[in-house]
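Now for the letters of each chain:
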Amino acid sequence: DALPISFPMPQLQRPDFGTREARVKLKPKMTCKQTTAAIQKAVEKMNKAGGGTVTVPAGEWTVGRITLLSGVCLNVEKGAVLNFSGNLEDYLPAVFTRSAGVEGMGTGSCIYAYKQHHIGITGQGRLVGPPKGTEIRKKQIGYGSFDRYVDYDAPPTERFYDGRDGKGVFSPTFIGPVECTDVLIEGLTLENSIFWNIVPTYCVSVIIRGMRVKSTD
């Protein structure tokens, strides 16, 4: 039996993104930059239209960081695989993030959002992290090295951990909205994670369900 609680617990409502939908037009030989740009452009267009669902079609696609915007649900359909790049430049410029309790400017997340409302990442597709041995993995800051890298006297927006000027990298989490409200994360499979998997930070009203995570083999 469920234990009684001593405070009001509102029931979250699954976000409704309406009937407006757009399928991203992708081709098999597109480069990482081209594929990322096509998806990002579709998200931006849907955001400006007032919201809806952007669908990534079936196929193997190499991408960099994708940023969600208010009112948009990114749907990765069954048979679609987003293979995230191992090149650091595909996760730049640096964005506000939080790693091991430390705020700063870094790579953010493979699927990122900042101060957005009513967003989703859903579907029956797969998201696969950067390959082992790639640049972004080699430059990541380990937990034991934090105090050596972090300037605790500087404001978070002036702490850059983006791999430039010989600095290490705050590794991207897989799905990491920051300061967002009304978030839906549902149905996907995450594989070969570079860092933490599903990390809503400073968010309100978040539904996470039906996710399958295969972090390290």
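Preceding this section is the structure that the text describes.
Residues numbered from 1 in each chain as written. Predicted model: local features only at pLDDT ≥ 70, side-chain atom pairs only at ≥ 80, totals over all residues. Heavy atoms only, no water.

Q: An account of the pattern of salt bridges is requested, with residue identities and associated values reported.
A: Tallied over the full model, the rule gives 9 salt bridges. Here Glu191 and Arg126 are joined by a salt bridge, their closest N and O atoms 3.0 Å apart. One end of the pair, Glu191, is in strand E14 (residues 189-191); the other, Arg126, is in strand E11 (residues 126-128), and 65 residues separate them in sequence. Overall, the relative accessible area of 32% leaves Arg126 in the partly exposed class. The shortest N-O distance in the salt bridge between Lys214 and Glu191 comes to 3.6 Å. A residue pair is termed long-range when its members are at least 10 positions apart, and Lys214 in strand E16 (residues 212-214) and Glu191 in strand E14 qualify at 23 residues. Owing to a relative accessible area of 35%, Lys214 belongs among the partly exposed residues under this scheme. One salt-bridge network, held together by shared partners, links Arg14, Glu186 and Arg209. (Salt bridge = Lys/Arg side-chain N within 4 Å of Asp/Glu carboxyl O. Helix = DSSP H or I, 4+ residues; strand = E, 2+ residues; numbered from the N terminus. Buried < 20%, exposed > 50% of the residue type's maximum accessible area, 1.4 Å probe, protein only.)

Q: Provide a residue-level description of the nonpolar core, including the pertinent values.
A: One finds Leu74, Leu82, Phe84, Ile111, Ile121 and Leu127 to be the most contacted residues of the largest nonpolar core, which totals 40 residues. Counting 6 residues, the second largest nonpolar core, distinct from the first, contains Val95, Phe96, Met105 and Val178. (Core = buried A, V, L, I, M, F, W, Y, C linked by side-chain atoms within 4.5 Å.)

Q: With reference to specific residues and values, describe the sheet that holds strand E6 (residues 80-84).
A: Spatially, 5 strands are ordered E3-E6-E11-E14-E16 in an open sheet, and the strand pairing comes out parallel. Two strands close off the open sheet at either side, each with one partner strand: strand E3 (59-63) and E16. Across the sheet, the axes of successive neighbouring strands diverge by a mean angle of 15 degrees, strand direction being ignored. Direction of pairing for E6 relative to E11: parallel, over a ladder of 3 bridges. Bridged to Asn83 within E11 is Val128. Each of E3 and E6 is contacted by helix H1 (residues 32-48), which is oriented at about 95 degrees to E3, the strand it contacts most. (Pairing = 2+ DSSP bridges. Axes fitted to C-alpha atoms, helices over the stretch in contact; angles between N-to-C directions. Contact = heavy atoms within 4.5 Å.)

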